[in-house]
Amino acid sequence: MALITTVTLNAAIDKTYYMEKFPLGKVSRVSTMISVPGGKGINVARVAHQLGGEVLASGFVGGSNGAYIVKELDKSGISSDFVEVEGESRLCLNMIDQSESTSTELLEPGPLITEEQIAEMKAKIGLLAAKSAIVAFSGSLPKGAPASLYAELIGIAKAAGAQAFLDTSGDALLEGVRAQPYFIKPNEDEVEKLIGRRLEQESDVYGAIRQLMEQGIGCVVVSLGAGGSVAGYGGRLYRVRAPRIEAVNPVGSGDSFVAGMAVATAAGRTFDQAIRLATACGTANALNVQAGDVRQDDVERLLEQVQVDLIP
């Protein structure tokens with residue numbers, strides 16, 4: 001299995017609190033708490049590892065929270081090679097109201113990154129990409145990082161011979177696509193910003209994907225939430241329908257999707273196999289209490305239920 005490097009520039013400790021009710025302005029007692037290394041790229045690394053992929057996690061970490069992230073990754077068997085920074089890596093809190101089946105997230109901003117640390121990260125990506133089949137860039141940019149940073153890092157990864165995956169939003173996505181990553185996974189709102197026009201119906205998504213592929217992006221997957229996705233690859237469009245489930249916690253499903261796509265691509269599987277595995281992983285994640293976590297038996301069962309149809 002070829003190496004997959006995941007990059008989390010704003011790594012975190014993800015804490016999920018399960019409560020019977022989560023009313024505002026009142027004291028709430030937590031029935032269950034889960035604490036794991038987080039940030040979108042670390043979620044990708046964890047799921048890729050669960051799928052049997054060879055994976056290494058990189059990015060920025062700081063302080064005692066950063067030390068916890070590295071220690072817990074090591075305990076779970078995931079190799080890491082981070083750039084250490086001053087300040088504390090962030091905490092991301094997810095409050096689950098079990099009576100209403102709602103999720104409320106509180107996301108800290110994280111540490112301020114300096115120009116020297118950005119330069120160190122660029123050098124590290126060049127070294128890691130040279131031995132990786134895929135470098136997956138995921139999540140928000142930290143304070144101090146320019147909106148163009150993902151584009152710069154993608155260029156470095158591609159020059160070293162790796163395929164670049166990008167899963168971010170806002171200006172980081174707008175700038176990042178200019179570097180022509182191999183894979184992106186925007187939602188409908190993000191696609192509208194990328195192409196500069198409204199998408200009134202699903203068929204409008206088709207033209208948007210074709211436009212992005214014409215700009216040099218090899219694989220474009222537009223998430224439609226529980227409705228599945230529309231994917232573009234090799235000049236063709238596909239409608240992908242995910243299995244219907246009773247979700248426990250949908251947070252991390254997008255990261256699990258990216259992990260499935262990365263593992264299948266690194267293993268040299270066909271696009272049809274890759275999009276099916278990615279969809280099964282995204283769905284399987286929502287069955288678990290922890291974000292960015294899948295069970296192999298769930299993935300294998302759901303894989304048979306994924307429907308992929310070529311769009312004429």
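Note that this is a predicted model, so its numbers are computed, not measured.

**Student:** If you had to explain the pairing of strand 13 (residues 236-241) to someone new, which residues and values would you point to?
**Tutor:** In the sheet, strand 12 (residues 229-233) pairs with strand 13 via five bridges, with the strands oriented antiparallel. By the bridge assignment for strand 13, Ser 229 is matched with Val 240. Pairing analysis gives five bridges linking strand 13 to strand 14 (residues 307-311), with the strands arranged antiparallel. For Arg 241, the partnering residue across the bridge sits in strand 14 and is Gln 307.

**Student:** Give a description of the sheet that holds strand 2 (residues 12-19) that names residues and reports values.
**Tutor:** What the four strands build is an open sheet, ordered 3-2-6-7; its pairing is mixed. The open sheet terminates on both sides in strands that have one partner only, identified here as strand 3 (32-38) and strand 7 (102-107). Recorded for the sheet is a direction-independent mean angle of 15° between the axes of neighbouring strands. As paired strands, strand 2 and strand 6 (residues 90-97) are joined by eight bridges and run parallel to one another. In the sheet register, Tyr 17 faces strand 6, and the bridge partner there is Met 95. In the packing of helix 1 (residues 40-50) onto the sheet, contacts are made with strand 2 and strand 3, and the angle to strand 3 comes to roughly 95°. The strands touched by helix 2 (residues 63-75) within the sheet are strand 2, strand 3 and strand 6, with strand 3 carrying the most contacts at an inclination of about 90°.

**Student:** An account of empty space enclosed by the protein is needed here, citing residue identities and associated values.
**Tutor:** According to the stated counting rule, one finds one cavity of 30 Å³ or more in the structure shown. Its volume calculated, the largest cavity comes out at about 30 Å³. Around the largest cavity sit Leu 9, Asn 10, Ala 11, Phe 60, Val 61, Gly 62, Val 85, Ser 89 and Pro 111, which together line it. In terms of residues, the lining of the largest cavity owes the most to one element, strand 4 (residues 54-62), which gives three residues.

**Student:** Which residues make up the sheet that holds strand 12, and what are the values?
**Tutor:** Strand pairing in a sheet relies on backbone hydrogen bonds. The paired strands run either parallel or antiparallel. The strand order across the open sheet built from ten strands is 5-4-1-8-9-10-11-12-13-14, with neighbouring strands paired in mixed fashion. Each having just a single partner strand, strand 5 (79-85) and strand 14 make up the two edges of the open sheet. Each of strand 4 and strand 5 touches helix 2; the most contacted strand, strand 4, lies at about 170° to it. Contacts between helix 8 (residues 253-266) and the sheet are confined to strand 1 (3-8), strand 8 (134-138), strand 9 (163-167), strand 10 (183-184) and strand 11 (219-223), with strand 9 contributing the most and set at about 170° to the helix.

**Student:** Explain the layout of surface pockets to me, and be specific about the residues and the numbers.
**Tutor:** By volume, the largest pocket is sized at about 1200 Å³. For the lining of the largest pocket, the secondary-structure elements that each account for two or more residues are strand 2, helix 1, strand 6, strand 7, strand 11, helix 8 and helix 9 (271-285). Approximately 200 Å³ is the volume found for the second largest pocket. Every residue along the wall of the second largest pocket is listed here: Tyr 18, Ile 96, Asp 97, Gln 98, Ser 101, Thr 102, Ser 103, Ala 247, Val 248, Asn 249 and Pro 250. Among the secondary structure elements, those contributing two or more residues to the lining of the second largest pocket are strand 6 and strand 7. Considered class by class, the residues forming the lining of the second largest pocket number five nonpolar, five polar and one charged.

**Student:** Account for the side chain of Asp 298, with residues named and values stated.
**Tutor:** Note on placement: Asp 298 falls in helix 10 (residues 296-303). On the accessibility criterion, Asp 298 (7% relative accessible area) is buried. Among the polar contacts made by the side chain of Asp 298, one reaches the side chain of Arg 295 at a distance of 2.9 Å. Non-local contacts of Asp 298, meaning those with residues more than four positions away in its chain, are made with Ala 284, Leu 287 and Asn 288.

**Student:** Please provide a residue-by-residue account of the packing of aromatic side chains, values included.
**Tutor:** With the rule as written, the count across this model stands at five aromatic pairs. For the ring pair Phe 137 and Tyr 150, a centre distance of 6.0 Å and an interplane angle of 65° mean the geometry is edge-to-face. Of the two residues, Phe 137 sits in strand 8 while Tyr 150 sits in helix 4 (residues 149-159), which places them 13 residues apart along the sequence. Ring geometry for Tyr 238 against Phe 271: centres 5.0 Å apart, planes inclined by 45°, an arrangement best described as tilted. With Tyr 238 in strand 13 and Phe 271 in helix 9, this pair connects stretches of sequence that are 33 residues apart. Judged by relative accessible area, which is 9%, Phe 271 ranks as buried.

**Student:** An account of the environment of Gly 196 is needed here, citing residue identities and associated values.
**Tutor:** Considering the arrangement of structural elements, one finds Gly 196 in the loop between helix 6 (188-195) and helix 7 (202-214). Of the residues examined, Gly 196 reaches a relative accessible area of 65% and is grouped as exposed. Expressed as a C-alpha distance, the spacing of Gly 196 and Ala 208, which sit twelve residues apart in the sequence, is 9.7 Å.

About the cut-offs
Residues numbered from 1 in each chain as written. Predicted model: local features only at pLDDT ≥ 70, side-chain atom pairs only at ≥ 80, totals over all residues. Heavy atoms only, no water. Pairing = 2+ DSSP bridges. Helix = DSSP H or I, 4+ residues; strand = E, 2+ residues; numbered from the N terminus. Axes fitted to C-alpha atoms, helices over the stretch in contact; angles between N-to-C directions. Contact = heavy atoms within 4.5 Å. 1 Å grid on protein atoms, 1.4 Å probe; cavity = no way out; pocket = protein on both sides within 12 Å on 5 of 7 lines; lining within 4 Å. Points joined across faces, edges and corners; volume = space filled by probe spheres on them. Nonpolar A, V, L, I, M, F, W, Y, C, P; charged D, E, K, R; others polar. Buried < 20%, exposed > 50% of the residue type's maximum accessible area, 1.4 Å probe, protein only. Polar contact = N/O pair within 3.5 Å; in protein donor to acceptor, adjacent residues only side chain to side chain. Phe/Tyr/Trp six-rings, centres within 6.5 Å; stacked < 30°, edge-to-face > 60°.

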